[in-house]
Amino acid sequence: MSGMKRLLQKVKSERIGYLLQLAFYYSISVWLIFCIINVLVSAGKQVQILSLDYIKEMPAAYFLGGVLIALAAPIIIMLVPIKSDKLKLGQLFLLISFWLFVAQLWYIDYIDPARQQSLSYCFGLLLLCVFLLAATRNFLTANRESKLFFYTAWALFISGILLAALNVVNCLIILPAITADAEQKLMRRIILTLVLALQGALAGAVAAHLLPDVAIIKKPYGPSAGKYRVYYLVGFAFLIHVSLFGYILYVRTITLTTPTYDFGIFSQMFHNMSETGLPTTTLERSYELSHFAVHVSPIYYLLLPLYLLTKSPVTLQLAQIVLVASGVIPLFLIMRFLNWPNRRAAVFSLLYLAHPALSGSSMYDLHENFFLAPLLLWLLLFVLKNNTIGTFVFTALVLAVKEDAAIYIILIGFWMLWSQRTNKRHGIIMLLLGLAWFVLALYWLNTRGLGAMDSRFANLMAWPEYGLPGVILTSLLHPAYVLTRIFTAEKLIYILTMMAPLAFLPLLRKPGADHILLLPWLIMNLIPDYQY
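Note that this is a predicted model, so its numbers are computed, not measured. (Residues numbered from 1 in each chain as written. Predicted model: local features only at pLDDT ≥ 70, side-chain atom pairs only at ≥ 80, totals over all residues. Heavy atoms only, no water.)

Some thoughts on the overall build of the protein
Step number 1: From N to C terminus, the protein includes 23 helices and 2 strands.
Step number 2: The buried share of the protein, taken over its 532 residues, is 47%.
Step number 3: A fraction of 73% describes how many contacts in the protein between residues 6 or more apart in sequence connect residues 24 or more apart.
Step number 4: Total accessible area on the protein is roughly 27,100 Å²; 70% of this is exposed by carbon and sulfur atoms. (Helix = DSSP H or I, 4+ residues; strand = E, 2+ residues; numbered from the N terminus. Buried < 20%, exposed > 50% of the residue type's maximum accessible area, 1.4 Å probe, protein only. Contact = heavy atoms within 4.5 Å. Areas by Shrake-Rupley, 256 points an atom, 1.4 Å probe, with all protein chains shown as cover.)

Concerning the nonpolar core
Step number 1: In terms of nonpolar packing, the biggest core is built from 133 residues, with Leu105, Phe270, Leu366, Leu379 and Trp415 touching the most fellow members.
Step number 2: For this core, the element with the most residues is helix H5 (residues 119-142), which contributes 11 residues.
Step number 3: Apart from the residues within four sequence positions on either side, Phe270 is in contact with Tyr300, Leu303, Leu304, Tyr307, Leu316 and Leu366. (Core = buried A, V, L, I, M, F, W, Y, C linked by side-chain atoms within 4.5 Å.)

Concerning the packing of aromatic side chains
Step number 1: Summed over all chains, the structure comprises 23 aromatic pairs.
Step number 2: For the pair Tyr26 and Phe93, a centre-to-centre distance of 6.3 Å together with 50 degrees between the ring planes defines the contact as tilted. A residue pair is termed long-range when its members are at least 10 positions apart, and Tyr26 in helix H1 (residues 2-41) and Phe93 in helix H4 (residues 86-111) qualify at 67 residues.
Step number 3: We classify Tyr26 as buried; its relative accessible area is 3%.
Step number 4: You can call Phe93 partly exposed: its relative accessible area is 28%.
Step number 5: One aromatic cluster is present, formed by Phe24, Tyr25, Phe414 and Trp418 through successive ring pairs. (Phe/Tyr/Trp six-rings, centres within 6.5 Å; stacked < 30°, edge-to-face > 60°.)

Some points on the pattern of salt bridges
Step number 1: Under the defined criterion, the tally for this structure stands at 4 salt bridges.
Step number 2: The partner of Glu145 in a salt bridge is Lys88, with the nearest N and O atoms 3.4 Å apart. Placement of Glu145 in the loop between H5 and helix H6 (147-174) and of Lys88 in helix H4 is noted, with a sequence separation of 57 residues between them.
Step number 3: Under the relative-accessibility criterion, Glu145 is labelled exposed at 58%.
Step number 4: A salt bridge links Arg421 to Asp514; the nearest nitrogen and oxygen atoms lie 3.2 Å apart. A residue pair is termed long-range when its members are at least 10 positions apart, and Arg421 in the loop between helix H17 (406-418) and helix H18 (424-447) and Asp514 in the loop between helix H22 (505-508) and helix H23 (519-526) qualify at 93 residues.
Step number 5: The exposure class of Arg421 is partly exposed, given its relative accessible area of 44%. (Salt bridge = Lys/Arg side-chain N within 4 Å of Asp/Glu carboxyl O.)

Describing the packing of helix H15 (residues 372-384) against helix H16 (residues 388-399)
Pairs of packed helices are described in terms of their axes, by the angle between the two and the distance that separates them.
Step number 1: Two numbers describe how H15 lies on H16: the axes approach to 8 Å, and their chain directions differ by 155 degrees. Between H15 and H16, the interaxial angle falls into the category roughly antiparallel. Our pair here, H15 against H16, has a crossing hand that is left-handed. Along the contact surface, H15 presents Leu372, Leu375, Leu376, Trp378, Leu379, Phe382 and Val383, while H16 presents Gly390, Thr391, Phe394, Thr395, Leu397 and Val398.
Step number 2: Of the residues that constitute the contact of H15 with H16, the class distribution is 10 nonpolar, 3 polar and no charged. (Axes fitted to C-alpha atoms, helices over the stretch in contact; angles between N-to-C directions. Parallel < 35°, antiparallel > 145°, perpendicular 65-115°, else oblique. Left-handed = near helix turned anticlockwise from the far one by under 90°. Nonpolar A, V, L, I, M, F, W, Y, C, P; charged D, E, K, R; others polar.)

Thoughts on the environment of Pro374
Step number 1: Looking at the element boundaries, Pro374 is found in helix H15.
Step number 2: Since its relative accessible area comes to 5%, Pro374 is described here as buried.
Step number 3: Along the sequence, Pro374 and Val398 sit 24 residues apart, while their C-alpha atoms lie 9.7 Å from each other.
Step number 4: Look past the residues within four positions of Pro374 in its chain and what remains in contact with it is Leu323, Val324, Ser326, Gly327, Pro330 and Tyr352.

Description of the packing of H17 against H23
Step number 1: Orientation of H17 relative to H23, taken along the N-to-C sense of each, is 155 degrees, at an axis distance of 9 Å. With respect to their mutual orientation, H17 and H23 come out roughly antiparallel. The hand of the H17/H23 crossing is right-handed. Side by side, H17 and H23 meet where Ile407, Tyr408 and Leu411 of the first sit next to Leu519, Pro520, Ile523 and Met524 of the second.
Step number 2: Of the residues contributing to the contact of H17 with H23, the split by class is 7 nonpolar, no polar and no charged.

As structure tokens, then:
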């Protein structure tokens, strides 16, 4: 009886993920097609298409109808009997709509007289084409048995190559005419990134030769191969990372070359916390106030006992280095849980310790964001292991980092509902907890603090009076405009810096639920124009 109950629960969980995928594929596809048609209809207007003014002119009733159609599409598909696999058909429909969307972005460059072509815009479209080509190829190889899916995907793949080639030609045409400093800087960084990518490829080839279980052709060894040597290697790399960056921050601190923003603020805050227990500062806004009036970050109290032992700001700097580097522990345990060979796990552990994002974090003095990487990795480990206590302890710790850390929990919860290897009940609870904390934290900041820092999304506020809901509305009404906010020189340099050391693997892997975990990076770092 208990076995039957478990089977029914499993079927129900799988059904939730299946329905979510159907709803996502068809709703997004219909909405993208709707937006494409609206841009084509509006092409003759005098307003610039890729602007906030264009969004303000959209008739509300017209788009309300589009929303209703997008929401109704998956319901209709579920009810109508279709011989083809509805899930795969949804994936194909989504690919088609995304390719049409990219073609529209390319076309806008020519139909909008107010736009001035730029190298960053063309290069951004080229990167988008590469990502979609990888997704189309993965769909193609996974559906060879269906002639409809196979030949349609082939046609998409060939069309995508032609579109990518057009963008390459466009880049070459624009290249001699670029004069802006940002565009020239982008070109230099692209060349540097290509050199680094070549070095990375050579390093990968050496690693594949020295560590045979990393090779693509050879059969991997079992997870126990070279077990203790791998532990020693990762441990040694951990000590090098902590020693090197710890020494840099130690020297910065004792020579008084650390900035007031943010290290001076937090040094004063910890001194006051040790005296009164309250996170008060006089530096953050030039008058006395609680840091929690700016950011809701109770996570700092975890470092207070360590500070009480030494009463030294250097301790805070070194604690940050150790905690950031300690993320390699849950990362390695995740790879062990997924049954990765130890040597391959060692390669990715070393990538973590050497990644520019983590190195940059370790050199930027104290800040609450440094908690995110290790805490999120511990959370994902317990989520994958279906450990209830660990999952919700680290959910609470992530939420305690900052008010916007709730976005990570919300999207991880959504990923858990979609993924086939996670607990759906835990995912629902995390989703609700993240939403509740986000609302409460924003309410606190808006009523007791200095207000939520939604100004970082000012580039997406067609209606500033609506605040963050206005950002969401703008994003839904005009996804083409939102996407072009990423096609700037500085952001493309950032994308190359983040993804090149990983050989763009997060973007080029088979499309699925795991891509949801990229959304916080997109929302927090790529869409806003905020410099930090």
